[in-house]
Amino acid sequence: EPEVTQTPSHQVTQMGQEVILRCVPISNHLYFYWYRQILGQKVEFLVSFYNNEISEKSEIFDDQFSVERPDGSNFTLKIRSTKLEDSAMYFCVTRKTEANYGYTFGSGTRLTVV
Amino acid sequence: DQQVKQNSPSLSVQEGRISILNCDYTNSMFDYFLWYKKYPAEGPTFLISISSIKDKNEDGRFTVFLNKSAKHLSLHIVPSQPGDSAVYFCAATRGSTLGRLYFGRGTQLTVWP
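Residues numbered from 1 in each chain as written. Chains lettered and ligands numbered in written order. Predicted model: local features only at pLDDT ≥ 70, side-chain atom pairs only at ≥ 80, totals over all residues. Heavy atoms only, no water.

### A few points about the overall build of chain A
Inference 1: Within chain A, the secondary structure is distributed over zero helices and 11 strands.
Inference 2: Reading the secondary structure of chain A in the N-to-C direction produces β-β-β-β-β-β-β-β-β-β-β.
Inference 3: Its C-alpha atoms give chain A a radius of gyration of 13 Å, within 12% of the compact-globule value 13 Å for 114 residues.
Inference 4: With the C-alpha coordinates aligned to their principal axes, the bounding extent of chain A is approximately 40 × 25 × 25 Å.
Inference 5: Looking at the 114 residues of chain A, the share that counts as buried comes to 45%.
Inference 6: Intrachain contacts of chain A at a sequence separation of at least 6 include 53% that bridge at least 24 residues.
Inference 7: As displayed, chain A has an accessible area near 5,600 Å², and 45% of this comes from carbon and sulfur atoms.
Inference 8: Computing the positive centroid from 11 side-chain charges and the negative centroid from 14, chain A places the two 2 Å apart. (Helix = DSSP H or I, 4+ residues; strand = E, 2+ residues; numbered from the N terminus. Rg over C-alpha atoms; globule rule 2.2 N^0.38 Å. Buried < 20%, exposed > 50% of the residue type's maximum accessible area, 1.4 Å probe, protein only. Contact = heavy atoms within 4.5 Å. Areas by Shrake-Rupley, 256 points an atom, 1.4 Å probe, with all protein chains shown as cover. Lys, Arg positive; Asp, Glu negative; His and termini not counted. Charge placed at Lys NZ, Arg CZ, Asp CG, Glu CD.)

### With respect to the sheet that holds strand β3 (residues 19-25) of chain B
Consider a sheet: its strands pair through backbone hydrogen bonds, and that pairing is either parallel or antiparallel.
Residue and element names in this part refer to chain B.
Inference 1: Spatial ordering of the open sheet is given by β1-β3-β8-β7-β6, a layout of five strands whose pairing is antiparallel. The open sheet terminates on both sides in strands that have one partner only, identified here as β1 (4-5) and β6 (56-59).
Inference 2: Examined bridge by bridge, β3 and strand β8 (residues 72-77) share six bridges and lie antiparallel to one another. Paired with Cys-23 across the strands is Leu-73, a residue of β8. (Pairing = 2+ DSSP bridges.)

### Remarks on the state of the cysteines
Residues and elements named next belong to chain A.
Inference 1: Enumeration according to the criterion identifies two disulfides over all chains in this entry.
Inference 2: Between the sulfur atoms of Cys-23 and its disulfide partner Cys-92 the distance amounts to 2.0 Å. Its S-S torsion of approximately -65° makes the covalent link between Cys-23 and Cys-92 left-handed. Residue Cys-23 is located in strand β3 (residues 19-24), and its partner Cys-92 is located in strand β9 (residues 88-95); the two are separated by 69 residues in the primary sequence.
Inference 3: The class of Cys-23 is buried, set by a relative accessible area of 0%. (Disulfide = S-S within 2.5 Å.)

### A short note on unusual backbone geometry
Inference 1: Of note, the bond from Thr-7 of chain A into Pro-8 of chain A is cis; its omega dihedral lies within 30 degrees of zero at -10°.
Inference 2: Between Val-78 of chain B and Pro-79 of chain B the backbone carries a cis peptide bond, its omega angle lying at -10°.
Inference 3: In this structure, Pro-79 of chain B sits in the loop between β8 and β9 (86-93).
Inference 4: Here Ala-41 of chain B, not a glycine, exhibits a phi torsion of approximately 65°, which is positive.
Inference 5: Tracing the backbone through its elements, the reader meets Ala-41 of chain B in the loop between β4 (32-38) and β5 (45-51).

### A word on the interface of chain A and chain B
One frequently used descriptor of interface size is the decrease in accessible area upon assembly of the parts.
Inference 1: With 21 residues of chain A in contact, the opposing surface of chain B contributes 23 residues.
Inference 2: Across the chain A/chain B interface, buried area totals approximately 1,900 Å², and carbon plus sulfur atoms make up 58% of it.
Inference 3: The tally of links between chain A and chain B comes to one salt bridge.
Inference 4: The partner of Glu-56 of chain A in a salt bridge is Arg-100 of chain B, and the shortest N-O contact between them spans 3.5 Å.
Inference 5: Counting across the interface, chain A meets chain B through four residue pairs in polar contact (both at pLDDT 80 or more).
Inference 6: Elements with a contribution of two residues or more to the side of chain A that touches chain B: β4 (31-37), β5 (43-50), β6 (53-57) and β9 of chain A. (Buried area = accessible area lost by both parts, 1.4 Å probe. Salt bridge = Lys/Arg side-chain N within 4 Å of Asp/Glu carboxyl O. Polar contact = N/O pair within 3.5 Å; in protein donor to acceptor, adjacent residues only side chain to side chain.)

### Quick word on the side chain of Ser-80 of chain B
Inference 1: Within the secondary structure, Ser-80 of chain B is located in the loop between β8 and β9.
Inference 2: Ser-80 of chain B gets classed as buried once you look at its relative accessible area, which sits at 1%.

### Some details on the packing of aromatic side chains
Inference 1: On inspection of all chains with the given rule, the structure shows 19 aromatic pairs over all chains.
Inference 2: Both rings, one in Phe-30 of chain B and one in Tyr-102 of chain B, keep their centres 5.2 Å apart while their planes meet at 50°; by these two values the pair is tilted. Taken together, the residues Phe-30 of chain B in the loop between β3 and β4 and Tyr-102 of chain B in strand β10 (residues 102-103) connect sequence positions 72 residues apart.
Inference 3: A network of ring pairs unites the aromatic residues Tyr-33, Tyr-35, Phe-45, Phe-91, Tyr-103 and Phe-105 of chain A together with Tyr-36, Phe-46, Phe-89 and Phe-103 of chain B as a single cluster.
Inference 4: A cation over an aromatic ring shows up here: Arg-95 of chain A above the ring of Tyr-31 of chain A, its NZ or CZ 5.0 Å from the ring centre. (Phe/Tyr/Trp six-rings, centres within 6.5 Å; stacked < 30°, edge-to-face > 60°. Lys NZ or Arg CZ within 6 Å of the ring centre and 35° of its normal.)

Structure, rendered in structure tokens:
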């Protein structure tokens, strides 16, 4: 079964450093999302991306965050200057079409900011 | 943001019995509901879904019931198996948007032999 691949699986970074989380979506999927889950809390929406642009973002997704799909395959989430509260599990999610509700989650990147 | 609520953080059921996981929502614009299962150190895995035009959807041992008037849905697992032990998330979305999912906090299901 096709998978959404995320790298790295775990990243430790110092506060204030930039991090880039990478995702390889399922090849024929068109809609891409980032979600995160802080330990003990609910899964939260960050951003959705379609047709090479952001289609929706949450209040969490401030100027420190950015997404891009530079080469048509990888989908990345960049956090420009990490804070302690950015420590969470970050999930890349992809979906085939708008009419298809088959959201597929990657296995996640655990980001730890120290 | 409490638009989707799972009020039971945990549920413990004996193998072979029925597990019932509950979920409530507040936003009447939600028209599609999904259940995900999550094992530690893995991403959520899609389990079953239901559209707001239906009140029941069944897939093998899993059945989801939707009560729109009560804004309530439930996931039934019959019979429960030890391998079902995981965190179960309820999620909802509005078809008119580009797919933002709203999640509940999850319920830890433990199925014991």
